[in-house]
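Residues per chain, in single letters:
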Amino acid sequence: MLITLPQALEHAERRNIGLAAVNTPFFESLLAAIDVGERTGTPIILQFAQVHESIVGIEEIGPAMVEMARRSSAPFVVHVDHGEDIDYIRTGLDIGFNSCMIDGSLHPYEENVRLTAEVVDMARSHGEIGVEGELGVMTGNENGDPSQGVADATLYTDPDQARDFVERTGVDCLASSFGTVHGLYRQKPHIDYELIARLRAATGVPIVMHGGSGLSDDEYRQSITHGVRKINYYTYAARAAYDAIVPLVEDENVFLFSNLAAAARRAVDGKVSRFVDVLSLTGNGHGDPS
Ligand code: 13P
């Protein structure tokens, strides 16, 4: 079933847990995320980022994401991730996505405010559509760019500016920069938990972590405790899928692509499943899942 982004955030808020927001730009990742949602009953945000157009089009995989989420008995949000322009986001909403992110973080501040407020207006006129904005800059991208992987503290989100941004745009949650980066980590990240808490207090809205794969259980838990509610997750699941198929490619008894696809699905399932467990265990004291 589809639930809205505010409903999913409210669910997480009440339980003091984090929501897994999983990018699914290949079919096996979508199947895996749906399976995990159905096994756990925990809301999962299925995401498609504009940068993943190089793998598959939102108009190709988007309808499958929406339909599988709708048909499922488990709760899902279907979210346009890192929308760079309003037309792209509108395409996603027309397909049936019920949540979106406008990433104006690379624009000058006033332009980011203007663009984000415009997307909020457009989204509300489409119905109950959640909107995530972004302020502050995170380096790297979630499409395998190998040159990145180190955070730059001079680009972190400023709490006073974040308060002004949320007031003027009306976003439901805010992607912020506080130490994570997209893609593979080249150095152990140093997450600024105090900054997360200040951002949360200043804005009054849930904080979104990007670059969420590749962190330790403790880093997830601390981030959630300090005010993160949505954690975006992709690179390390896609990497696990890659690692799972390498031995099969080298095995002369395996010669069908479908065997590789099945192995990739299992690998993503394992990663997402564990991720959801870790994010869900922060609030209720069930202890370490490992
Ligand atoms: P990673 O690919 O680094 O996990 O980040 C995902 C993300 O932030 C998508 O928006």
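Shown above is the structure to which this text applies.
Attention here is on the structure that accompanies the text.

So, how was this worked out
- Residues numbered from 1 in each chain as written.
- Predicted model: local features only at pLDDT ≥ 70, side-chain atom pairs only at ≥ 80, totals over all residues.
- Heavy atoms only, no water.
- Near = heavy atom within 4 Å.
- Polar contact = N/O pair within 3.5 Å; in protein donor to acceptor, adjacent residues only side chain to side chain.
- Areas by Shrake-Rupley, 256 points an atom, 1.4 Å probe, with all protein chains shown as cover.
- Helix = DSSP H or I, 4+ residues; strand = E, 2+ residues; numbered from the N terminus.
- Nonpolar A, V, L, I, M, F, W, Y, C, P; charged D, E, K, R; others polar.
- Pairing = 2+ DSSP bridges.
- Axes fitted to C-alpha atoms, helices over the stretch in contact; angles between N-to-C directions.
- Contact = heavy atoms within 4.5 Å.
- Buried < 20%, exposed > 50% of the residue type's maximum accessible area, 1.4 Å probe, protein only.
- Parallel < 35°, antiparallel > 145°, perpendicular 65-115°, else oblique.
- Left-handed = near helix turned anticlockwise from the far one by under 90°.

**A word on the site of the ligand**
- Taken together, 15 residues lie near the ligand, and Asp81, Gly183, Gly211, Ser213 and Thr235 sit nearest.
- Within the side chain of His210, a nitrogen or oxygen atom sits 3.1 Å from an oxygen atom of the ligand.
- Separating an oxygen atom of the ligand from a side-chain N or O atom of Asn232 is a distance of 3.0 Å.
- Contact with the protein chains hides 100% of the accessible area of the ligand, taken as 300 Å² for the molecule alone.
- Looking at the shell around the ligand, the elements that each hand over two or more residues are β3 (76–83) and β8 (228–233).
- Considering only residue class, the shell around the ligand consists of 3 nonpolar, 10 polar and 2 charged.

**Quick look at the sheet that holds strand β7 (residues 207–209)**
- On the basis of which strands lie adjacent, the closed barrel formed by 8 strands has the order β1-β2-β3-β4-β5-β6-β7-β8 and parallel pairing. Across the sheet, the axes of successive neighbouring strands diverge by a mean angle of 25 degrees, strand direction being ignored.
- Lying over the sheet, helix α10 (residues 257–280) contacts β1 (19–23), β2 (44–49) and β8, oriented at roughly 155 degrees with respect to β1.

**Details of the side chain of Asn112**
- Following the sequence through the fold, Asn112 ends up in helix α5 (residues 109–125).
- For Asn112, a relative accessible area of 2% puts it in the buried group.
- Once you skip the residues sitting within four places of it in the chain, Asn112 turns out to touch Gly104, Ser105, His107, Glu134, Leu135 and Phe165.

**Considering the packing of helix α8 (residues 217–226) against α10**
- Look at α8 against α10: their axes get within 9 Å of each other, and the N-to-C directions meet at 45 degrees. In terms of axis orientation, α8 runs oblique to α10. For the crossing formed where α8 meets α10, the hand is right-handed. Between α8 and α10, the residues in contact are Asp217, Tyr220, Arg221 and Ile224 and Arg274, Phe275, Val278 and Leu279, respectively.
- Residues of the contact of α8 with α10, tallied by class, amount to 5 nonpolar, no polar and 3 charged.

Treat this as a map of the structure, not an account of what it does.
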